[in-house]
Each structure stands twice: as C-alpha cells, then as structure tokens.
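Examining the three-dimensional arrangement
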Amino acid sequence: MAGARQGGCPADILFAEGTPEVGDTCMHHGTTLIQFLTQQQHGGAAIADDLIGLIGDVARACKMISDIVDHGDLRGEALAGHGDINVQGETQKRLDLIANDLMLRNTGWTGRVAGMASEEMEHISPVPEGAPLGRYLLLFDPLDGSSNIDVDASIGTIFSILPRTRRDGAPATEEFLQPGRRQVCAGYAVYGPSTVFVFSTGHGVHVFTLDRNIGEFVLTRRDVRIPGQATEFSINSSNARFWEPAVREYIDDCVAGSDGPRGKNFNMRWIGAMVADAHRVISRGGVFMYPRDRKDPDKPSKLRLMYEVNPMAYLCEQAGGLGTTGYQDILEVEPEHLHQRIAAMFGSREEIRTLLEYHRRHR
Ligand code: P6P
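Analysis parameters
- Residues numbered from 1 in each chain as written.
- Predicted model: local features only at pLDDT ≥ 70, side-chain atom pairs only at ≥ 80, totals over all residues.
- Heavy atoms only, no water.
- Pairing = 2+ DSSP bridges.
- Helix = DSSP H or I, 4+ residues; strand = E, 2+ residues; numbered from the N terminus.
- Contact = heavy atoms within 4.5 Å.
- Axes fitted to C-alpha atoms, helices over the stretch in contact; angles between N-to-C directions.
- Near = heavy atom within 4 Å.
- Polar contact = N/O pair within 3.5 Å; in protein donor to acceptor, adjacent residues only side chain to side chain.
- Areas by Shrake-Rupley, 256 points an atom, 1.4 Å probe, with all protein chains shown as cover.
- Nonpolar A, V, L, I, M, F, W, Y, C, P; charged D, E, K, R; others polar.
- Buried < 20%, exposed > 50% of the residue type's maximum accessible area, 1.4 Å probe, protein only.
- Phe/Tyr/Trp six-rings, centres within 6.5 Å; stacked < 30°, edge-to-face > 60°.

Brief notes about the sheet that holds strand β14 (residues 322–324)
- Strand order across the open sheet formed by 5 strands is β12-β11-β13-β15-β14, with mixed pairing between neighbours. Since the sheet does not close on itself, it has two edges, and those belong to β12 (267–268) and β14, each with one partner.
- For strand β11 (residues 232–234) and β12, the ladder comprises 2 bridges, and the chain directions are parallel. Bridging from a neighbouring strand, Phe233 pairs with Met268 of β12.
- Packed on one face of the sheet, helix α7 (residues 305–318) meets β14 and β15 (344–347) and runs near 25° to β15.

This is how it looks when you write it as structure tokens:
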C-alpha cells in the first residue's frame, strides 16, 4: 500500500500502489469491500467467489438497514414500535422485523446460501422456492440492541457464515449446530455516528465505513489488532448481586483501581448493544462480559451462541484477542440448539487470561 503522499490521499484509502492521481486532488473513493476481498483472493487468501458474493449480499442488506435507521422516525414509521413476542421471549420492535426481512431478501435468492437462521425466527428459513441451494449457512441477529432504537443509541447487525456439512438437499436445523471454530466468515455492522462494516474470513479483521455519497463500504482500517492489555471493562453492573463469585471478585478488583490488587485504574462502558460494545473492544481493547447469573433461573445466560457470541469470539480471535465462557473457549462449544444462550467474555488477550485465573481460583 503506498505511503502517504505529499498533498495526495492518505495511504489507507488509496486503491493500490501507483494509482494515478489528478494533480493534487485526491480522486479516490478508497478501496471498496468487494475490491478488498478480490485483492485478498488474488493475493492468495483462500476466499471463494461465492463467499465474496455472500459477504457483499449481507453488506447490501446492512446498507439498507442503515438507511432506515439513519432516517429514524422521519420515515413516519415508528421503528421502535412494538410487535409480537419472539422466540427469545422478547418484544419485537418493527425494525427487528424489517431488518430480518432485509437480510432474508438480500441473501436467500442468490444461490449462495442453503438456509438461514435468525434471532427473530424460531425455525430455520429455507431459501425461496426455485432458488438454487448454495454452499453456506447464514445465521444472524438482524438488529442487536433494539432497545436503543427509541433513544437513538447505537445498534447493529451481527452475522455468521458456516459451511454446509451435507452436499445435497435443504439443510435441517442440525446442520446449523456447528461449533464456532467452523465459521468461514463472521462480521457485524454498527449503525452509529457512522455505519461501519467489520468482518473476517480468517485472514484478519477489517473495518469498512459506509460512504453514503457512493453507497459503498470503504476500507478504513485493515488487519485490526486488539491491544493485549485492557483498561476498560464492559458489563451490566446492575446484575452484580447475581454474578458468580469469580466475576464478582474480578469486577471488584477492577473497581478498586490502582489501590487494589490490580494496581491500575479501569474505566467502565456499557452501551446496551453488544455489537457496539464489541466494536469498541475490537477497536481499542478491553473486555466485554455478559456472564452467567442467577437473575432468572430459567435463563442463566442472556446472549445467543450461534449468531451473537460465536461471531464476536471469532473476530476477537482473528484480531489477537480471546473469547471464553469462563470455563471453555467459546469457539469450541458444541451447540445443543439453535437459540442456545451462553456466557460471553471476550476481548484483550492478557485481560481475558487474568479473568480466567479468577475462574480457576473459584472452581
Ligand atoms: P441488558 C441486547 O438486547 C442484548 O442482547 C445485547 O446486545 C446487550 O449487550 C444486552 O442484551 C444488554 O442486556 O441486560 O443490559 O439489557
């Protein structure tokens, strides 16, 4: 990639070495998503054409969702308006359903997927009648953090792509129940002050920002690495009385700061949308935690394994971080059912290792 040029475009948005510039005016709109993936493929990364296409399909759906989110109530549709109760037992917002529909409509017909699963759908969704069966299974949380919609706080879409394990016929639910280690791609979009699209196909984690003027996701950070040390933790502290002792002691020690056992001060952040908290952790380090708790004996964990926690654990590992349940590497968990919930702690490698020490001491 060309270094910064006198008066030219910053190096990180040049298409490639030697791209002609018109005078000193930068005429580049940067490296688009499909261009980046194609360049990776040409550079030797094993990324199949149909996987590149599928990532583009998901990105297109995210652009459509971003456009709706960006207009909020201006569209006259109360996006936060309530719908039914979904399979999670949570009240669906209109935007949950709109986002789910956009993900299905942008991917099912392509011949790149064989089936889809979503937080908003109790059962797996087959591809539309007449559409060819593709080589991938697509799982997603179409709109994570929807309680943030009516207060204009960040929300996002999370997706996971698994390979088929059978070569013919429509997939059954069991075919989706693969451990996170088997993902061939995972990523998310955050609809925040800007819209970012972050993904990995096993060749590093890369961040794209939506340029609304050209309707494209443009490369803004490549090969993101999560700092090994952390000074931020992200947890809903109102659940403290329900936590397991290891988590309780770990957070107490972080809060004790430089006078306490950790010997350093920590900051706390909690956006209420895991996708946004995860983006902060991936962008600048820290740990995100939604541990098991005793708040609801029927629901010891909150976050969903297949389409929330597995994608984030995959991205964290690709960026040099770690993801754990407190007792097991998240990506090794053998799923038992589609909407399985799991304890989730992920982020800076050294801090996760410290957190695991607390769990070992309390085991
Ligand atoms: P709480 C959003 O509903 C979500 O699934 C995650 O995105 C978020 O981190 C968590 O729940 C927030 O949960 O208990 O703080 O409302």
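The discussion continues.
Quick look at the site of the ligand
- Close to the ligand lie 13 residues, the nearest being Asp144, Asn236, Trp270, Met274 and Tyr290.
- For the ligand, an oxygen atom lies 2.7 Å from a polar atom in the backbone of Met274.
- For the ligand, whose unbound accessible area comes to 390 Å², protein coverage reaches 82%.
- Its residues assigned to classes, the shell around the ligand shows 6 nonpolar, 3 polar and 4 charged.

Things to note about the pairing of strand β3 (residues 113–118)
- β3 sits mainly inside the fold: 6 of its 6 residues count as buried.
- Note that β3 and strand β5 (residues 136–144) share 5 bridges and pair parallel. When the bridges of β5 are listed, Ser118 appears paired with Phe140.
- Where β3 and strand β4 (residues 125–126) come together, 2 bridges link them in antiparallel fashion. What sits directly across from Gly115, in β4, is Pro126.
- Between the antiparallel neighbours β3 and β4 lie 6 residues.

Observations regarding the packing of aromatic side chains
- Enumeration over the complete set of coordinates arrives at 10 aromatic pairs.
- Ring centres of Phe197 and Phe199 lie 6.3 Å apart, and the angle between their planes is 40°; on these two criteria the pair is classed as tilted. In terms of burial, Phe197 and Phe199 fall into one category: buried.
- The interplanar angle of 85° and the centroid separation of 5.4 Å between the aromatic rings of Tyr250 and Tyr358 together place this pair among those described as edge-to-face. You can see Tyr250 sitting in helix α5 (residues 245–256) and its partner Tyr358 sitting in helix α8 (residues 349–362), a full 108 residues away along the chain.

Spatial relationships are all this shows, so hold off on functional conclusions.
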